[in-house]
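Listed here are the chains, written in short residue letters.
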Amino acid sequence: MIPSMTEMNIKISELSTPCFLVDIDKVKENCQHMIDTCKKLNLQLRPHTKTHKTIEGAILQTDGAKRCIAVSTLAEAEFYADNGFDDILLAYPITKDKIKRCLNLVAKLETFHVMVSGMEGLKCLEDNIQNLPDGKIWSLVLEVDAGYGRTGFSYDGEELIDAALRVKNSQRMRLEKLYLHCGDSYRLKTISEKQESQKTNINTLTALEKVLAEKGITCTSGVGSTPNCSLPVQENSQLTEFHPGNYIFYDYMQYLFGSCRESNIACKVMTRVIAHKPEKNLFLVDCGFLALGHDGKNERFPLDFCLIQGESNLRFVDMSQEIGKITAKEGDLNFSLYPIGTIFYLLPYHSCCTSALHSVYYVHSGDEVVATWKPVRGW
(Lines give C-alpha, C1' and ligand atoms only; values in the text may rest on other atoms or scores of the structure.)
Protein backbone atom coordinates (compact mmCIF):
# COMPACT_ATOMS: atom_id res chain seq x y z
CA MET A 1 0.00 0.00 0.00
CA ILE A 2 1.22 3.51 -0.86
CA PRO A 3 1.48 5.66 2.29
CA SER A 4 -0.54 8.87 2.39
CA MET A 5 1.15 12.25 2.76
CA THR A 6 0.32 12.34 6.44
CA GLU A 7 2.10 9.01 6.88
CA MET A 8 5.25 10.20 5.09
CA ASN A 9 7.89 9.99 7.76
CA ILE A 10 10.28 7.51 6.21
CA LYS A 11 13.69 7.41 4.57
CA ILE A 12 14.15 6.94 0.85
CA SER A 13 16.09 3.77 1.60
CA GLU A 14 12.97 2.23 3.16
CA LEU A 15 11.03 2.33 -0.11
CA SER A 16 10.49 -0.73 -2.27
CA THR A 17 12.20 -0.64 -5.66
CA PRO A 18 11.98 0.27 -8.43
CA CYS A 19 10.37 3.59 -7.59
CA PHE A 20 10.30 7.10 -9.01
CA LEU A 21 11.79 9.82 -6.81
CA VAL A 22 11.28 13.58 -7.11
CA ASP A 23 13.63 16.00 -5.37
CA ILE A 24 11.28 18.76 -4.23
CA ASP A 25 14.05 21.29 -3.62
CA LYS A 26 15.36 20.94 -7.19
CA VAL A 27 11.83 21.09 -8.60
CA LYS A 28 11.20 24.36 -6.79
CA GLU A 29 14.51 25.79 -8.05
CA ASN A 30 13.75 24.76 -11.64
CA CYS A 31 10.26 26.24 -11.50
CA GLN A 32 11.43 29.51 -9.98
CA HIS A 33 14.21 29.86 -12.52
CA MET A 34 11.74 29.59 -15.43
CA ILE A 35 9.37 32.04 -13.73
CA ASP A 36 12.25 34.50 -13.35
CA THR A 37 13.37 33.95 -16.96
CA CYS A 38 9.91 34.86 -18.25
CA LYS A 39 9.76 37.95 -16.07
CA LYS A 40 13.08 39.17 -17.47
CA LEU A 41 11.86 38.66 -21.03
CA ASN A 42 8.40 40.10 -20.26
CA LEU A 43 6.78 36.83 -21.33
CA GLN A 44 3.74 35.03 -19.99
CA LEU A 45 4.75 31.57 -18.81
CA ARG A 46 2.25 28.92 -19.85
CA PRO A 47 3.96 25.81 -18.49
CA HIS A 48 3.22 22.47 -20.08
CA THR A 49 2.19 19.88 -17.49
CA LYS A 50 2.67 16.72 -19.60
CA THR A 51 5.99 15.78 -17.98
CA HIS A 52 4.65 15.39 -14.43
CA LYS A 53 0.83 15.44 -14.81
CA THR A 54 0.29 16.31 -11.14
CA ILE A 55 -1.58 19.01 -9.24
CA GLU A 56 1.38 19.73 -7.00
CA GLY A 57 3.80 20.20 -9.90
CA ALA A 58 1.43 22.53 -11.74
CA ILE A 59 0.95 24.66 -8.63
CA LEU A 60 4.72 25.16 -8.45
CA GLN A 61 4.95 25.86 -12.18
CA THR A 62 2.28 28.58 -11.94
CA ASP A 63 3.70 30.06 -8.74
CA GLY A 64 0.47 29.14 -6.96
CA ALA A 65 -1.83 30.93 -9.41
CA LYS A 66 -3.37 27.72 -10.86
CA ARG A 67 -3.92 29.56 -14.12
CA CYS A 68 -2.41 29.57 -17.59
CA ILE A 69 -1.20 26.02 -18.28
CA ALA A 70 -0.89 23.76 -21.31
CA VAL A 71 -1.89 20.10 -21.33
CA SER A 72 -1.46 17.30 -23.84
CA THR A 73 -4.58 15.23 -23.18
CA LEU A 74 -8.21 15.83 -22.34
CA ALA A 75 -7.76 13.67 -19.23
CA GLU A 76 -5.20 16.20 -18.04
CA ALA A 77 -7.45 19.15 -18.90
CA GLU A 78 -10.35 17.60 -16.97
CA PHE A 79 -8.09 16.69 -14.06
CA TYR A 80 -6.84 20.25 -13.68
CA ALA A 81 -10.27 21.77 -14.25
CA ASP A 82 -11.67 19.56 -11.46
CA ASN A 83 -8.90 20.81 -9.16
CA GLY A 84 -9.43 24.55 -9.54
CA PHE A 85 -7.19 25.40 -12.51
CA ASP A 86 -8.32 27.71 -15.30
CA ASP A 87 -7.05 29.24 -18.54
CA ILE A 88 -6.10 25.83 -19.92
CA LEU A 89 -4.75 25.19 -23.41
CA LEU A 90 -5.22 21.74 -24.93
CA ALA A 91 -1.90 21.73 -26.79
CA TYR A 92 -2.84 18.90 -29.09
CA PRO A 93 -4.59 18.96 -32.48
CA ILE A 94 -8.36 19.11 -32.14
CA THR A 95 -10.29 16.30 -33.82
CA LYS A 96 -13.96 15.35 -34.05
CA ASP A 97 -13.81 12.67 -31.36
CA LYS A 98 -12.66 15.24 -28.77
CA ILE A 99 -15.36 17.86 -29.39
CA LYS A 100 -17.92 16.72 -26.78
CA ARG A 101 -15.39 16.76 -23.95
CA CYS A 102 -14.04 20.11 -25.15
CA LEU A 103 -17.54 21.58 -25.03
CA ASN A 104 -17.85 20.43 -21.43
CA LEU A 105 -14.57 22.18 -20.60
CA VAL A 106 -15.69 25.36 -22.36
CA ALA A 107 -18.79 25.34 -20.15
CA LYS A 108 -16.88 24.63 -16.95
CA LEU A 109 -13.91 26.98 -17.31
CA GLU A 110 -13.67 30.71 -17.62
CA THR A 111 -11.10 30.22 -20.38
CA PHE A 112 -10.37 27.08 -22.38
CA HIS A 113 -8.27 27.14 -25.55
CA VAL A 114 -8.10 24.53 -28.28
CA MET A 115 -5.20 24.03 -30.66
CA VAL A 116 -5.98 23.88 -34.36
CA SER A 117 -3.31 22.34 -36.57
CA GLY A 118 -5.14 22.08 -39.89
CA MET A 119 -8.33 22.90 -41.74
CA GLU A 120 -9.98 19.67 -40.58
CA GLY A 121 -9.65 20.79 -36.98
CA LEU A 122 -11.08 24.21 -37.77
CA LYS A 123 -14.07 22.61 -39.47
CA CYS A 124 -14.72 20.50 -36.35
CA LEU A 125 -15.08 23.69 -34.33
CA GLU A 126 -17.18 25.44 -36.97
CA ASP A 127 -19.54 22.45 -37.15
CA ASN A 128 -20.08 22.65 -33.39
CA ILE A 129 -20.53 26.38 -32.92
CA GLN A 130 -24.26 25.81 -32.36
CA ASN A 131 -23.39 23.47 -29.48
CA LEU A 132 -21.40 26.08 -27.55
CA PRO A 133 -22.91 27.13 -24.21
CA ASP A 134 -24.62 30.52 -24.19
CA GLY A 135 -22.13 33.35 -23.96
CA LYS A 136 -19.16 31.10 -24.81
CA ILE A 137 -16.88 31.03 -27.83
CA TRP A 138 -14.17 28.82 -29.27
CA SER A 139 -10.79 30.27 -28.32
CA LEU A 140 -8.26 29.04 -30.87
CA VAL A 141 -4.51 28.70 -30.96
CA LEU A 142 -3.25 28.10 -34.49
CA GLU A 143 -0.22 25.83 -34.55
CA VAL A 144 2.57 26.67 -36.98
CA ASP A 145 4.92 24.09 -38.47
CA ALA A 146 8.14 25.93 -39.29
CA GLY A 147 9.44 23.04 -41.37
CA TYR A 148 10.32 20.59 -38.61
CA GLY A 149 7.57 18.19 -39.68
CA ARG A 150 5.41 18.28 -36.55
CA THR A 151 1.70 18.97 -36.61
CA GLY A 152 0.62 22.45 -37.63
CA PHE A 153 -0.09 24.72 -40.57
CA SER A 154 2.84 25.18 -42.92
CA TYR A 155 4.40 28.55 -42.10
CA ASP A 156 4.68 29.49 -45.78
CA GLY A 157 1.31 28.20 -47.01
CA GLU A 158 -2.04 29.89 -47.60
CA GLU A 159 -4.08 27.65 -45.30
CA LEU A 160 -2.89 29.39 -42.14
CA ILE A 161 -4.02 32.78 -43.48
CA ASP A 162 -7.32 31.31 -44.66
CA ALA A 163 -7.92 29.76 -41.23
CA ALA A 164 -7.21 33.04 -39.46
CA LEU A 165 -9.63 34.88 -41.75
CA ARG A 166 -12.38 32.32 -41.10
CA VAL A 167 -11.90 32.77 -37.37
CA LYS A 168 -11.97 36.56 -37.75
CA ASN A 169 -15.23 36.42 -39.68
CA SER A 170 -16.95 34.24 -37.08
CA GLN A 171 -18.76 35.84 -34.18
CA ARG A 172 -18.19 32.83 -31.93
CA MET A 173 -14.53 32.10 -32.54
CA ARG A 174 -11.49 34.08 -31.44
CA LEU A 175 -7.88 33.76 -32.50
CA GLU A 176 -5.97 33.72 -29.23
CA LYS A 177 -2.46 33.16 -30.49
CA LEU A 178 -0.06 31.57 -32.95
CA TYR A 179 2.03 28.79 -31.46
CA LEU A 180 5.23 27.18 -32.69
CA HIS A 181 6.85 24.22 -30.98
CA CYS A 182 10.58 24.55 -31.50
CA GLY A 183 11.05 20.84 -32.10
CA ASP A 184 14.25 21.38 -34.05
CA SER A 185 15.89 22.28 -30.73
CA TYR A 186 15.92 18.53 -30.02
CA ARG A 187 18.01 17.61 -33.05
CA LEU A 188 20.51 20.47 -33.15
CA LYS A 189 23.74 19.69 -31.33
CA THR A 190 25.25 22.95 -30.12
CA ILE A 191 23.84 25.78 -28.04
CA SER A 192 24.70 28.29 -30.75
CA GLU A 193 22.77 26.23 -33.32
CA LYS A 194 19.77 26.07 -31.03
CA GLN A 195 19.83 29.80 -30.42
CA GLU A 196 20.16 30.59 -34.13
CA SER A 197 17.18 28.33 -34.75
CA GLN A 198 15.24 30.22 -32.08
CA LYS A 199 15.90 33.48 -33.90
CA THR A 200 14.70 31.95 -37.17
CA ASN A 201 11.50 30.70 -35.52
CA ILE A 202 10.87 34.06 -33.89
CA ASN A 203 11.35 35.80 -37.25
CA THR A 204 8.86 33.35 -38.78
CA LEU A 205 6.22 34.17 -36.19
CA THR A 206 6.70 37.92 -36.28
CA ALA A 207 6.51 37.84 -40.09
CA LEU A 208 3.24 35.92 -39.88
CA GLU A 209 1.87 38.43 -37.38
CA LYS A 210 2.61 41.21 -39.88
CA VAL A 211 0.89 39.35 -42.71
CA LEU A 212 -2.18 38.83 -40.54
CA ALA A 213 -2.14 42.46 -39.40
CA GLU A 214 -2.29 43.56 -43.04
CA LYS A 215 -5.52 41.60 -43.30
CA GLY A 216 -6.96 43.18 -40.17
CA ILE A 217 -6.16 40.31 -37.84
CA THR A 218 -4.33 41.15 -34.63
CA CYS A 219 -2.71 38.32 -32.71
CA THR A 220 0.36 37.44 -30.68
CA SER A 221 2.65 34.41 -30.67
CA GLY A 222 4.18 31.87 -28.30
CA VAL A 223 6.88 29.24 -28.55
CA GLY A 224 7.74 26.12 -26.63
CA SER A 225 10.32 23.40 -25.94
CA THR A 226 12.47 23.18 -22.87
CA PRO A 227 15.82 23.53 -24.72
CA ASN A 228 14.96 26.88 -26.28
CA CYS A 229 13.19 28.20 -23.16
CA SER A 230 16.16 27.18 -21.00
CA LEU A 231 18.58 28.88 -23.40
CA PRO A 232 16.57 31.93 -24.45
CA VAL A 233 17.69 34.71 -26.75
CA GLN A 234 16.74 38.33 -26.22
CA GLU A 235 14.59 38.21 -29.38
CA ASN A 236 12.10 36.08 -27.42
CA SER A 237 10.83 39.34 -25.93
CA GLN A 238 9.15 40.00 -29.31
CA LEU A 239 6.71 37.22 -28.45
CA THR A 240 4.22 36.95 -25.58
CA GLU A 241 4.34 33.36 -24.24
CA PHE A 242 6.70 30.51 -23.35
CA HIS A 243 5.36 26.92 -23.24
CA PRO A 244 8.15 24.74 -21.74
CA GLY A 245 7.38 21.61 -19.74
CA ASN A 246 10.27 19.21 -19.22
CA TYR A 247 12.24 21.79 -17.22
CA ILE A 248 10.34 20.93 -14.03
CA PHE A 249 12.28 17.65 -13.83
CA TYR A 250 14.90 17.99 -16.58
CA ASP A 251 16.76 14.76 -17.49
CA TYR A 252 19.93 13.32 -19.00
CA MET A 253 18.86 14.36 -22.51
CA GLN A 254 18.46 18.00 -21.47
CA TYR A 255 21.83 17.80 -19.72
CA LEU A 256 23.43 16.60 -22.96
CA PHE A 257 21.72 19.46 -24.81
CA GLY A 258 23.18 22.01 -22.42
CA SER A 259 19.72 22.98 -21.13
CA CYS A 260 20.66 22.20 -17.54
CA ARG A 261 23.38 20.93 -15.23
CA GLU A 262 23.33 17.42 -13.84
CA SER A 263 22.53 18.97 -10.47
CA ASN A 264 19.27 20.35 -11.94
CA ILE A 265 17.89 16.89 -12.73
CA ALA A 266 15.11 16.55 -10.17
CA CYS A 267 13.91 12.99 -10.80
CA LYS A 268 15.45 9.55 -10.64
CA VAL A 269 14.56 5.89 -10.48
CA MET A 270 15.77 4.07 -7.39
CA THR A 271 16.78 0.45 -7.94
CA ARG A 272 18.60 -2.31 -6.04
CA VAL A 273 21.15 -4.96 -6.96
CA ILE A 274 19.37 -8.34 -7.10
CA ALA A 275 22.06 -10.66 -8.50
CA HIS A 276 25.76 -10.90 -9.38
CA LYS A 277 26.93 -12.33 -12.71
CA PRO A 278 30.74 -12.41 -12.42
CA GLU A 279 31.08 -14.63 -15.48
CA LYS A 280 29.50 -11.79 -17.50
CA ASN A 281 31.15 -8.98 -15.51
CA LEU A 282 27.80 -7.46 -14.62
CA PHE A 283 25.17 -7.36 -11.93
CA LEU A 284 21.42 -7.24 -12.20
CA VAL A 285 19.09 -4.61 -10.76
CA ASP A 286 15.31 -4.61 -10.30
CA CYS A 287 14.70 -1.94 -12.95
CA GLY A 288 13.76 -2.88 -16.49
CA PHE A 289 12.07 -0.96 -19.27
CA LEU A 290 8.77 -0.89 -17.36
CA ALA A 291 10.40 1.37 -14.77
CA LEU A 292 12.96 3.27 -16.86
CA GLY A 293 11.69 3.25 -20.46
CA HIS A 294 13.54 2.66 -23.71
CA ASP A 295 14.13 6.32 -24.58
CA GLY A 296 17.79 7.03 -25.23
CA LYS A 297 18.81 3.39 -25.68
CA ASN A 298 19.13 3.65 -29.46
CA GLU A 299 20.25 7.26 -29.52
CA ARG A 300 23.11 6.70 -27.08
CA PHE A 301 24.17 3.12 -27.88
CA PRO A 302 26.81 1.96 -27.02
CA LEU A 303 27.25 4.89 -24.58
CA ASP A 304 25.24 5.67 -21.46
CA PHE A 305 21.52 6.10 -22.00
CA CYS A 306 20.98 7.02 -18.36
CA LEU A 307 23.28 8.27 -15.64
CA ILE A 308 24.01 6.22 -12.53
CA GLN A 309 24.27 8.93 -9.92
CA GLY A 310 27.68 9.06 -8.26
CA GLU A 311 29.09 6.12 -10.26
CA SER A 312 31.40 7.34 -13.02
CA ASN A 313 32.70 3.86 -13.97
CA LEU A 314 29.37 2.04 -14.15
CA ARG A 315 27.15 1.75 -17.22
CA PHE A 316 23.55 0.56 -17.56
CA VAL A 317 23.89 -1.63 -20.66
CA ASP A 318 20.70 -3.62 -21.20
CA MET A 319 17.30 -4.45 -19.74
CA SER A 320 14.33 -6.74 -20.05
CA GLN A 321 10.83 -6.00 -18.79
CA GLU A 322 11.71 -5.93 -15.08
CA ILE A 323 15.49 -6.42 -14.91
CA GLY A 324 18.41 -4.18 -15.82
CA LYS A 325 22.08 -4.99 -16.37
CA ILE A 326 24.98 -2.87 -15.14
CA THR A 327 28.67 -3.36 -15.92
CA ALA A 328 31.94 -1.48 -15.63
CA LYS A 329 32.99 1.02 -18.26
CA GLU A 330 36.60 -0.03 -17.74
CA GLY A 331 38.05 -3.15 -16.11
CA ASP A 332 36.34 -5.77 -13.99
CA LEU A 333 33.60 -5.13 -11.48
CA ASN A 334 34.52 -5.36 -7.82
CA PHE A 335 31.44 -7.21 -6.65
CA SER A 336 32.38 -6.76 -3.00
CA LEU A 337 31.63 -3.04 -3.41
CA TYR A 338 28.08 -3.78 -4.62
CA PRO A 339 26.51 -6.47 -2.42
CA ILE A 340 22.96 -7.66 -3.05
CA GLY A 341 20.60 -4.90 -1.97
CA THR A 342 22.92 -2.03 -2.95
CA ILE A 343 20.86 0.99 -3.99
CA PHE A 344 21.48 2.92 -7.21
CA TYR A 345 19.81 6.05 -8.50
CA LEU A 346 19.25 6.23 -12.26
CA LEU A 347 18.88 9.67 -13.87
CA PRO A 348 16.63 8.95 -16.89
CA TYR A 349 17.33 9.99 -20.45
CA HIS A 350 13.79 11.31 -20.90
CA SER A 351 11.86 12.18 -17.75
CA CYS A 352 8.51 12.48 -19.60
CA CYS A 353 8.78 8.86 -20.66
CA THR A 354 10.07 7.52 -17.35
CA SER A 355 7.58 9.37 -15.15
CA ALA A 356 4.71 8.07 -17.32
CA LEU A 357 5.62 4.54 -16.23
CA HIS A 358 4.95 5.25 -12.53
CA SER A 359 1.59 5.70 -10.80
CA VAL A 360 3.10 7.45 -7.78
CA TYR A 361 6.06 9.76 -7.30
CA TYR A 362 7.89 9.73 -3.98
CA VAL A 363 8.77 13.33 -3.23
CA HIS A 364 11.78 13.84 -0.98
CA SER A 365 13.89 16.53 0.60
CA GLY A 366 17.32 15.13 1.32
CA ASP A 367 16.88 11.57 2.53
CA GLU A 368 13.36 12.10 3.87
CA VAL A 369 10.22 11.24 1.90
CA VAL A 370 7.90 14.21 2.45
CA ALA A 371 4.94 13.51 0.15
CA THR A 372 3.53 11.40 -2.65
CA TRP A 373 2.28 12.86 -5.92
CA LYS A 374 -0.19 10.89 -8.00
CA PRO A 375 -0.25 11.80 -11.71
CA VAL A 376 -3.32 11.64 -13.90
CA ARG A 377 -3.31 8.92 -16.53
CA GLY A 378 -5.29 8.29 -19.68
CA TRP A 379 -6.30 10.31 -22.71
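Participant: Before we go on, may I ask you to explain the layout of surface pockets in this structure?
Facilitator: Any empty space left between the atoms is revealed when a probe the size of a water molecule rolls over them. Approximately 700 Å³ is the volume attributed to the largest pocket. Elements supplying a minimum of two residues to the lining of the largest pocket: β5 (86-93), β9 (173-181) and α9 (252-257). Split by residue class, the lining of the largest pocket holds 13 nonpolar, 14 polar and nine charged.

Participant: Is there a simple way to think about the packing of aromatic side chains in this case?
Facilitator: Applying the stated criterion across every chain, the model contains 12 aromatic pairs. Plain terms: the ring middles of Phe-283 and Tyr-338 are 5.3 Å apart, the flat faces sit at 40 degrees to each other, and that makes the pair tilted. One end of the pair, Phe-283, is in strand β13 (residues 282-285); the other, Tyr-338, is in the loop between β16 (324-328) and β17 (343-347), with 55 residues separating them in the sequence. Overall, Tyr-338 belongs to the buried group, its relative accessible area being 11%. Look at Phe-305 and Phe-316: their rings are 5.6 Å apart centre to centre, the planes differ by 90 degrees, and that puts the pair in the edge-to-face class. Here the residue Phe-305 occupies a position in the loop between α11 (297-300) and β14 (307-308), and Phe-316 occupies one in strand β15 (residues 314-319), the gap between them amounting to 11 residues. Since its relative accessible area comes to 3%, Phe-305 is described here as buried.

Participant: Can you walk me through the pairing of β17 in this structure?
Facilitator: Every regular strand shows the same layout, with side chains that alternate between the two sheet faces. Across four bridges, strand β12 (residues 267-277) lies against β17 in antiparallel orientation. In the sheet register, Val-269 faces β17, and the bridge partner there is Leu-346.

Participant: Please explain unusual backbone geometry as it appears in this structure.
Facilitator: Cis rather than trans, the peptide bond between Thr-17 and Pro-18 has omega equal to 0 degrees. As for its position among the elements, Pro-18 is in the loop between β1 (10-11) and β2 (19-23). A cis geometry characterises the amide bond from Phe-301 onward to Pro-302, with omega recorded as 0 degrees. Structurally, the position occupied by Pro-302 is in the loop between α11 and β14. Residues other than glycine seldom take positive phi values, yet Lys-53 does so here, at roughly 60 degrees. The backbone of Asn-281 shows a phi angle near 55 degrees, a positive value even though the residue is not glycine. With respect to the helices and strands, Asn-281 occurs in the loop between β12 and β13.

So, how was this worked out
- The numbers attached to residues start from 1 for each chain and follow its sequence in the written order.
- Reporting of local features is limited, given that this is a predicted model, to residues whose pLDDT is at least 70; pairs of side-chain atoms are given and counted only at 80 or more, and all residues count toward the totals for whole chains, interfaces and linings.
- The side-chain figures draw on all heavy atoms in the structure; neither hydrogens nor water molecules are used.
- Grid points spaced at 1 Å over the protein atoms alone were grouped into cavities, where a 1.4 Å probe fits but cannot get out, and pockets, open sets with protein on both sides within 12 Å along at least five of seven lines, with lining residues defined by an atom within 4 Å of a point.
- Grid points are joined across faces, edges and corners, and a volume is the space filled by probe spheres set on the points.
- Strands are runs of DSSP state E lasting at least two residues, helices are runs of H or I lasting at least four, and both sets are numbered from the N terminus onward.
- In this classification, the charged set is Asp, Glu, Lys and Arg, the nonpolar set is Ala, Val, Leu, Ile, Met, Phe, Trp, Tyr, Cys and Pro, and all remaining amino acids, among them Gly, are polar.
- Aromatic contacts are taken between Phe, Tyr and Trp rings whose centres are within 6.5 Å, Trp giving its six-membered ring; a plane angle under 30 degrees counts as stacked, one over 60 as edge-to-face, and the others as tilted.
- Using a 1.4 Å probe on the protein chains alone, a residue whose accessible area is under 20% of its type maximum counts as buried, one over 50% counts as exposed, and one in between counts as partly exposed.
- When DSSP finds at least two bridges between two strands, those strands are taken to pair.

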